[in-house]
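Observations on the model geometry
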Amino acid sequence: MSTITVNGDAILELDGIGITHACNYGGYTVTVAEKGQFILHRGLISSNIGGIYNNGIFLMYDGEISDNSVINGGGVYNRGTFTMFGGKISGNRAGNNGGGVYNENTFEMLGGEISDNTASGGGGIYNWGGANAINYKFTSGDTKEFLGYKGQYGGSFTLSGGIISGNTAWRGGGVGNHGVFIMSGGLISDNTATVSGGGVNNGQTIASGNFEMSGGEISGNIAEKGGGVYNFFYSTISLMDSGVISGNTAELGGGVCIDGDFNMRGGMISGNTASNNGGGVYLGNGIFKLSSGKISKNTATNDGGGIWVDNEKLDLLFVANGVVFSSNRASAAYDRDSMHDKVYRSQIDNTVTWTAPFTQGYNNYDISYTSGKQVEITDNRPAVTDNENSNSDNGNFNSSNENPNSNNEVADMPSYSIAATVLSGLVIGIVVVCGFLYFKRLKKAYK
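Here we summarise the structure given alongside this text. Numbering of residues begins from 1 in every chain and follows the order in which that chain's sequence is written. Selection of residues for local features in this predicted model requires a pLDDT of at least 70, selection of side-chain atom pairs for listing and counting requires 80 or more, and totals for whole chains, interfaces and linings are taken over all residues. Processing note: side-chain calculations cover all non-hydrogen atoms of the structure and skip hydrogens and water entirely.

**Here we look at the sheet that holds strand β35 (residues 273–277)**
Pairing between strands is defined by DSSP: at least two bridges between them are needed. Numbering of helices and strands runs from the N terminus; a helix is a DSSP stretch of H or I covering at least four residues, while a strand is a stretch of E covering at least two. Across the sheet, six strands lie side by side as β21-β25-β29-β32-β35-β38; this open sheet has parallel pairing. For this open sheet the edge positions go to β21 (168–171) and β38 (299–300), each flanked by a neighbour on one side alone. Across three bridges, the pairing between strand β32 (residues 249–252) and β35 is parallel. Its bridge partner lying in β35, Thr249 is registered against Thr273.

Right, dumping it as C-alpha cells:
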C-alpha cells in the first residue's frame with residue numbers, strides 16, 4: 001500500500017513538499033514503477049511504513065527521508081537505479097536489513113548523509129547481490145570437497161562522496177555488503193555493529209562480497225570483530241591508492257578482521273585499537289597480500305600491534321618490498337626464533353620498514369609473534385643503550401627516525417640487555433683496577 005505511486009513512463013518531481021503516511025498496514029510511502037522516475041529536490045518523506053520503493057529511477061538532490069519503518073529498506077528499497085547527490089536519509093528502521101537503504105540493483109552515492117538508522121544487517125546500507133551457488137568437487141564416491149561459492153552479484157553500490165555515520169546493526173553498522181561495493185571517496189564513520197564490521201561487513205554465509213576501496217575514509221567505528229571492516233569467508237577486500245582505515249576499535253582487528261582474502265596495494269591502516277589481538281589487522285583465515293601501503297600507530301592490548309596472525313599460519317601473510325610499518329604497539333616484543341627463519345624469508349621481503357628500532361617483522365609490535373625470546377620493554381618500547389644511534393651486527397638504529405634501515409634481512413633482534421650487562425661489567429672492572437693501583441701508590445708513599 002502506497003500513498004503515491006509513480007507509474008511507468010511517468011515523472012514525479014517533489015520540491016518542498018512533505019509526504020506522510022499514518023497507516024500501519026505496511027508498504028511504502030512512495031512506489032516508483034519500472035520505467036517510472038522520481039526526483040526529490042527538497043521536502044520530507046516520513047511515515048509509519050517504509051519510505052521509498054524504487055523499481056525505476058530515483059534521483060535525490062536534497063530533502064530528507066526520515067523516521068520510516070519496515071521489514072527491509074526503512075528509508076529506501078531500491079530495485080532500479082538510485083543516485084544520491086545530497087539530502088539526508090536518517091532515523092529509519094528495518095526489522096531485517098537496510099535501515100537506511102536496501103539495494104538490490106544500482107546505487108551510487110555522490111553526496112548527502114545516511115545517518116542514525118538501525119537494522120539487523122546493514123544499519124546504514126545493505127547491498128544485496130543475491131545468494132551464491134555452492135561450488136563442490138566430487139573427490140571419490142559421494143565425498144565432496146567444498147570449493148567456495150559461485151558469485152551471483154546483483155547489487156552494486158558505489159560511494160564517491162557523502163557521509164555514512166551513526167548507524168547501528170548486528171552486522172555491518174555502516175554498510176552490509178553482499179554484492180559489489182566500490183569506494184573511491186566519502187566517509188564511513190562512528191557506526192556500531194554488535195558482532196562484526198562496525199564500518200563495513202563484507203559477505204555472509206550464503207552471499208560473498210567484493211569490496212574495493214581506493215579512496216575515502218573508514219574511521220571511528222566499533223564492533224566486536226573488525227571495528228573498521230570485517231571480511232567473511234570466500235569474500236574479497238582490496239585496499240589501494242589513498243584509502244584510509246583509521247581510529248576504529250574492536251576486540252579482534254581494530255582496523256580490519258579478515259577470514260577471506262585481503263589485498264592491500266596502497267592506502268593506510270592507522271591508529272586503530274584492539275582490546276585483544278590485532279590492532280591494525282586480525283588475520284583469521286584467507287590470505288593477506290600486502291604489496292604496498294602503510295600500517296602505523298595501531299595498538300593491541302594483547303598481541304599483534306600491526307597485524308595478528310597465528311604462529312601456525314604465518315604463511316598466510318605476504319609483505320612486499322617498500323611496505324612501511326611505523327609506531328605500532330603491543331603488550332610485549334620478541335626476537336625471532338630460528339625455527340621460523342625459513343618461513344620468514346619466504347614470506348617477507350627485505351626492504352620493509354619496521355617500527356623503530358626493530359629490524360625485522362616478527363616482533364609482535366608489527367606482526368604478532370610470541371615464539372622467540374622476549375625483548376625488555378622500557379616506556380612501551382624495547383630498551384636500548386644510552387645512545388639509541390648504536391651500531392650492532394644486526395643493523396643500525398636512528399632514534400630520530402622511525403624508519404630503520406632494513407635493506408639486509410636480520411635473523412635476530414640485538415640483545416640490548418646482554419649488551420648493557422657487558423658494558424656495566426667493563427665499567428666496574430675499570431673502576432676496580434684503578435682503585436687497586438691508587439691504593440698501591442698510597443701504600444708506597446707512606447712507607
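**Quick notes on the nonpolar core**
Side chains of nonpolar character tend, in soluble globular proteins, to be buried together. Within the largest apolar cluster, 68 residues are counted, with the highest numbers of intra-cluster contacts made by Phe262, Phe288 and Phe325. In this analysis, two residues are considered to be in contact whenever any of their non-hydrogen atoms come within 4.5 Å of each other. Those residues within four positions of Phe325 in sequence are excluded, and the remaining contacts are Leu290, Ile295, Ile307, Val319, Val352, Thr353, Trp354, Thr355, Asp366 and Ile367. Nonpolar cores are built from buried Ala, Val, Leu, Ile, Met, Phe, Trp, Tyr and Cys residues. Side-chain atoms within 4.5 Å join them into one set. Here the term buried applies to any residue with accessible area under 20% of the maximum for its type, exposed to any over 50%, and partly exposed to those in between, with areas from a 1.4 Å probe on protein chains only. One finds Tyr28, Val70, Tyr77 and Trp128 within the second-largest nonpolar core, a separate group that totals eight residues.

**Observations regarding the environment of Leu14**
Within the element layout of this structure, Leu14 appears in strand β2 (residues 11–21). Using a relative accessible area of 5% as the deciding quantity, one classes Leu14 as buried. Spatially, the C-alpha atoms of Leu14 and His41 are 6.0 Å apart, while their sequence positions differ by 27 residues. The residues contacting Leu14, other than those within four sequence positions of it, are Ile19, Phe38, Ile39, Leu40, His41, Arg42 and Ile45.

**Remarks on the environment of Gln360**
Tracing the chain through its elements places Gln360 in the loop between α1 (341–347) and β43 (374–375). You can call Gln360 buried: its relative accessible area is 0%. A sequence separation of ten residues divides Gln360 from Asn350, and the C-alpha atoms of the two residues are 8.4 Å apart. A distance of 3.1 Å separates a polar atom in the side chain of Gln360 from a polar atom in the side chain of Arg336. Any pair of N or O atoms that falls within 3.5 Å is considered a polar contact. Within protein, one atom must be able to donate a hydrogen and the other to accept it, and sequence-neighbouring residues count only if both atoms are side-chain atoms.

**So, the sheet that holds strand β22 (residues 175–178)**
With parallel pairing, twelve strands are arranged side by side in an open sheet as β1-β3-β5-β9-β13-β16-β22-β26-β30-β33-β36-β39. For this open sheet the edge positions go to β1 (4–6) and β39 (307–309), each flanked by a neighbour on one side alone. Strand after strand, the sheet turns through a mean of 10° between neighbouring axes, direction not considered. Two elements, strand β26 (residues 200–202) and strand β30 (residues 229–231), share three bridges in a ladder whose sense is parallel. Its bridge partner being in β30, Asn201 is matched across the sheet by Tyr230. What counts as an axis is a line fitted to C-alpha atoms, over the stretch in contact for a helix, and the angles between N-to-C directions run from 0 to 180 degrees.

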